[in-house]
Amino acid sequence: MNNMSRIAVCDGNEAAAIGVKLSRPDVVAVYPITPQSSLVEYLSKFIAEGSLDAELMNLEGEHSVLSALQGACLAGARTYTATCGPGLAFMFEPYIRTPGLRLPMVASLVNRDMLSPQCVWGGQQDVMTVRDAGWIHLFCESAQEVLDTVIMAYRIAEHPDVMLPVNINHDGNYLSYGVTRVEIPEQPAVDAFLGPKNVNWHTALDPDRPMAVDPLTGGADAEGAAVFAAYRQSQCRGMQSALHVIAEVHAEWADAFGRHYAPLVEEYRVDGADIAIVTIGSMSGAAKDAVDAARERGVAAGVIRIKTFRPFPVEAFVHAAAQVRALGVVDRSVSFGWNCGPVAQEVLGALYRTGRTIPVLSFIGGLAGADLTQEHFDEVIDSTVRALEAGPSPATPETVWLDARGEGAGR
Amino acid sequence: MSHEIRIHGRGGQGAVLASSILAQAFVDEGKYVVAIPSFGFERRGAPVSACLRADDREIRALTNIYRPDCVICIDPTLPRMVDIFAGLRPGGTLVQASSLRPDAIARPGTVETLGLCDAVGIALEIFGKPITNSIMLGAFARTTGLVSLDSLMDALERADFRDAGLAQNRRAMQRGYAETEVLAPEAVA
């Protein structure tokens, strides 16, 4: 195979589908929804043309999709699906059961803003709505990272210390439809990286090994309460173990394929920075460009990009944040309860561990398909520098809406 | 080199597919690209656009283009309803599908180089319908020289065409290249 044939020019959805094909799932169940549709269309095509040997189930809705995959996964199949926005909402009941069943599924969320108002475009409100449902959440910056992370996700999910489902998040529109150059790993190298399938070693639908799966558990008596608590504790342990497994798997990926990604939190020009922008997802490239431009003007700014959002990488985040004196956090979604971005609120939680109080500004932008450009990040840098210069303030800083043109339009 | 190109067309003419083919051709010539389509509800005939950034260096920003240096308009009637010149940098290039003479093409002073191709006329002969994307990619290569016709023809081989076959599209691209009139800066001035 010559070198050219390993370079694809494709969008994030096709990159995800190629990553899935290389991971050799046994069962793929789908229901199409914008902006995920082309991803599952590529998978249907791979299965139809025989380049992916998997069972394809086109089901009547997302609730059925994940329910069917639970059965498949319990029977020992490696599975895949993808959804977003309202599809994720319809999937919620089986979605929230999956981590407790300790099923090592991999699914993409092609992030879409939530209704209402009606919209079909990108935003991270969907994933932020399920941030504490028990799934591992990884966020990608580029189509290449989408492809690579889909494959890595199977190693993470299926690790005996983890055994939890993984969502790979890639932003709808800019990343799902943005076409770039992508390197495709060779199948034998991916096979060697993933190793033998060992999906259901702990629970299984196996007539030779009958067991009760998910019996009624809990209740007011001491024994029931203890058993239920033990399950929850074990789930939390799996989540915490995922931090080291995610790091190990990314390190192995770099060794095998030569592409290095920060597994938990990426520090970009944070060393010697006064302030940092905190980013998540495909906005990060424009933020890095803005930081390079700021450095040329003599403004010491950096980027802290969150790749792993669940479990929240407190230690890695604190390591990054401890190097700066103010943070500007950019969210592509809203925490209604805190009147700021959800990532900003997570950042405040993690900063408690540093024992010091620094200015943290919450910026909200890129909702419902809106662009997050270098100019937006210029504004983030300027505002954060001003907050640093103003010094400590007892008042909570106002959340900055990057695209708002005065309040009241929707009042 | 660093270029920002915006393609305007109507739903069904293949503007978005054209941006993918162009992206493939740039990558085959060793460049880095990001091509992002405008998104909305796809309807035949409605204005659509796609933007493409090409550079010698890796491109990190996944954003739309607001200050293009080249506009490709693959529909002759679109400039009447869409400001295809929005944000065009001074010294810019317009590659326009039109059967009109250059002096009949309304354009701002930011347009320094003009490429004109009767793409609808060619399309009607080849496809029997006004699908102009492959033709206008040929016109782009002829006008700007940013990418070679050979690279575009190779990229065409790997594209998925819904409405026409590869042989027709190859002929369309070649005719677009051959039948484009280019007005370079000195001639325009």
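Residues numbered from 1 in each chain as written. Chains lettered and ligands numbered in written order. Predicted model: local features only at pLDDT ≥ 70, side-chain atom pairs only at ≥ 80, totals over all residues.

Some remarks on the overall build of chain A
Inclusion rule: Think of it this way: any DSSP run of H or I at least four residues long counts as a helix, any run of E at least two long counts as a strand, and we number them from the N terminus. Each radius of gyration reported is based on C-alpha atoms, and the globular scaling rule is 2.2 Å times the count of residues to the power 0.38. To sort residues by burial, count the other C-beta atoms lying within 10 Å of each one's C-beta; a count of 20 or more means buried, 12 or fewer means exposed, and anything in between means partly exposed. C-beta atoms are built from the backbone. Note on contacts: each residue gets a C-beta atom placed from the backbone, and two residues are in contact if those atoms are within 7 Å.
Within chain A, the secondary structure is distributed over 13 helices and 15 strands. Taking 411 residues into account, the globule formula puts the C-alpha radius of gyration at 22 Å, and chain A, at 21 Å, falls close to it. Its C-alpha atoms give chain A principal-axis dimensions of about 70 × 65 × 45 Å. Relative to its 411 residues, chain A shows a buried fraction of 52%. The contacts of chain A with a sequence gap of at least 6 include a subset with a gap of at least 24, amounting to 79%.

What about the pairing of strand β10 (residues 275–280) of chain A?
Residue and element names in this part refer to chain A. Here is the rule: Criterion used throughout: strands pair if DSSP finds at least two bridges between them.
Most of β10 sits inside the fold, with 6 of its 6 residues counted as buried. Taking every second residue as pointing to the same face, both faces of β10 are buried, with I275, I277 and T279 on one and A276, V278 and I280 on the other. Pairing of β10 with strand β13 (residues 326–331), which is carried by 4 bridges, proceeds in the parallel orientation. When the bridges of β13 are listed, A276 appears paired with L327. As paired strands, β10 and strand β11 (residues 301–306) are joined by 6 bridges and run parallel to one another. Counted as the bridge partner of A276 is G302 from β11.

Things to note about the domain arrangement of chain A
Residues and elements named next belong to chain A. Inclusion rule: Annotation comment: domain bounds sourced from an automatic or database domain assignment. Each residue gets one label: Ala, Val, Leu, Ile, Met, Phe, Trp, Tyr, Cys and Pro are nonpolar, Asp, Glu, Lys and Arg are charged, and the others, such as Gly, are polar.
By the assigned domains, chain A splits into domain 1 (4–202 + 247–253) and domain 2 (265–401). Once you take the C-alpha centre of each, domain 1 and domain 2 turn out to be 28 Å apart. Domain 1 puts 20 residues into the contact, and the matching count from domain 2 is 19 residues. Counting residues per element, the side of domain 1 that touches domain 2 draws most heavily on strand β6 (residues 136–139), at 4 residues. Here the side of domain 1 that touches domain 2 is composed, by residue class, of 9 nonpolar, 7 polar and 4 charged.

With respect to the environment of A54 of chain A
Inspection of the secondary structure puts A54 of chain A in the loop between α2 (37–49) and β3 (55–58). When the C-alpha atoms of A54 of chain A and R24 of chain A are compared, they prove to be 7.5 Å apart, with 30 residues separating the residues in sequence.

A short note on the sheet that holds β6 of chain A
Within a sheet, adjacent strands bond to each other through the backbone by hydrogen bonds, running parallel or antiparallel. Residues and elements named next belong to chain A. What counts is decided by this rule: To obtain each axis, a line is fitted to C-alpha atoms, and for helices this fit is confined to the stretch in contact; angles are then taken between N-to-C directions over 0 to 180 degrees.
Taken in spatial order, the 7 strands make up an open sheet running β3-β2-β4-β5-β7-β6-β12, and their pairing is mixed. Strands at the two margins of the open sheet, each flanked by one partner only, are β3 and β12 (308–310). Direction aside, neighbouring strands of the sheet carry axes that sit 20° apart on average. Against the sheet, helix α3 (residues 62–74) makes contact with β2 (27–30), β3 and β4 (79–83), and its axis sits at roughly 165° relative to β4, the strand it touches most. Sitting on the sheet, helix α7 (residues 143–158) touches β5 (106–111), β6 and β7 (166–171), and the angle it makes with β7 is about 165°.

What to know about the interface of chain B and chain A
Quite often, the size of an interface is put as the accessible area lost when its parts meet. With 17 residues of chain B in contact, the opposing surface of chain A contributes 20 residues. Of all the secondary-structure elements, those providing two or more residues to the side of chain B that touches chain A are α1 (15–28) and β2 (32–37) of chain B. For the side of chain B that touches chain A, the leading source of residues is β2 of chain B, giving 6 residues. Here the residues of the side of chain B that touches chain A are counted per class, giving 11 nonpolar, 5 polar and 1 charged. Here strand β8 (residues 179–183) of chain A runs beside β2 of chain B; their pairing, made up of 2 bridges, is antiparallel. Within the sheet, the bridge partner assigned to T180 of chain A lies in β2 of chain B and is V34 of chain B.

Side note on the packing of helix α2 (residues 119–126) of chain B against helix α3 (residues 133–144) of chain B
Residues and elements named next belong to chain B. Applied cut-off: Working definition: roughly parallel below 35 degrees, roughly antiparallel above 145 degrees, roughly perpendicular at 65 to 115 degrees, and oblique for all remaining angles. Each helix crossing is assigned a hand: it is left-handed if the near helix lies turned anticlockwise from the far helix by less than a right angle, otherwise right-handed if that turn is clockwise.
Packing of α2 against α3 brings their axes to within 9 Å, and their N-to-C directions diverge by 135°. The orientation of α2 with respect to α3, classified from their angle, is oblique. In this structure, the crossing between α2 and α3 has a hand that is right-handed. Judged by residue contacts, A119, I122 and A123 of α2 engage I135, M136 and A139 from α3. For the contact of α2 with α3, the per-class residue count stands at 6 nonpolar, no polar and no charged.

With respect to the packing of α1 of chain B against α3 of chain B
Residues and elements named next belong to chain B. Following both chains from N to C, one finds α1 and α3 inclined at 45°, their axes separated by 9 Å at the closest point. Relative to α3, α1 is oriented oblique. For α1 against α3, the interelement crossing comes out right-handed. Residues A15, L17, A18, I21 and L22 of α1 pack against N133, M136 and L137 of α3. Each residue belonging to the contact of α1 with α3 can be placed in one class, and the counts come to 7 nonpolar, 1 polar and no charged.

Description of the nonpolar core
Convention followed: In this usage, the nonpolar core is the set of buried Ala, Val, Leu, Ile, Met, Phe, Trp, Tyr and Cys residues whose C-beta atoms join them within 7 Å.
Grouped together as the largest cluster of nonpolar side chains are 181 residues, with contacts concentrated most on I156, A276 and I277 of chain A together with M136 of chain B. Residue contributions to this core reach at least three from each of two domains, namely domain 1 (4–202 + 247–253) and domain 2 (265–401) of chain A. Sequence-distant contacts of M136 of chain B, that is, excluding residues within four places in its chain, are made with A18, I72, I74, V95, A97, C117, A119 and G176 of chain B.

Comments concerning helix α13 (residues 374–390) of chain A
All names here are of chain A. Heads up, the rule is: Each helix should span, by expectation, one fewer than its residue count multiplied by 1.5 Å. Within this analysis, the arc is defined by the directions that extend from the helix axis to the C-beta atoms.
Under the 1.5 Å per step criterion, the end-to-end length of α13 is 24 Å for 17 residues, consistent within 8% with the ideal 24 Å. For α13, the complete set of buried residues consists of H376, F377, V380, I381, T384 and A387. All buried residues of α13 project into a common sector of 140° when viewed along the axis, lining one side. Turned more than 90 degrees from where α13 packs its buried face, E389 and A390 sit exposed. Buried-residue contacts for α13 involve β10, α10 (284–296), β11, β13 and β14 (360–364).

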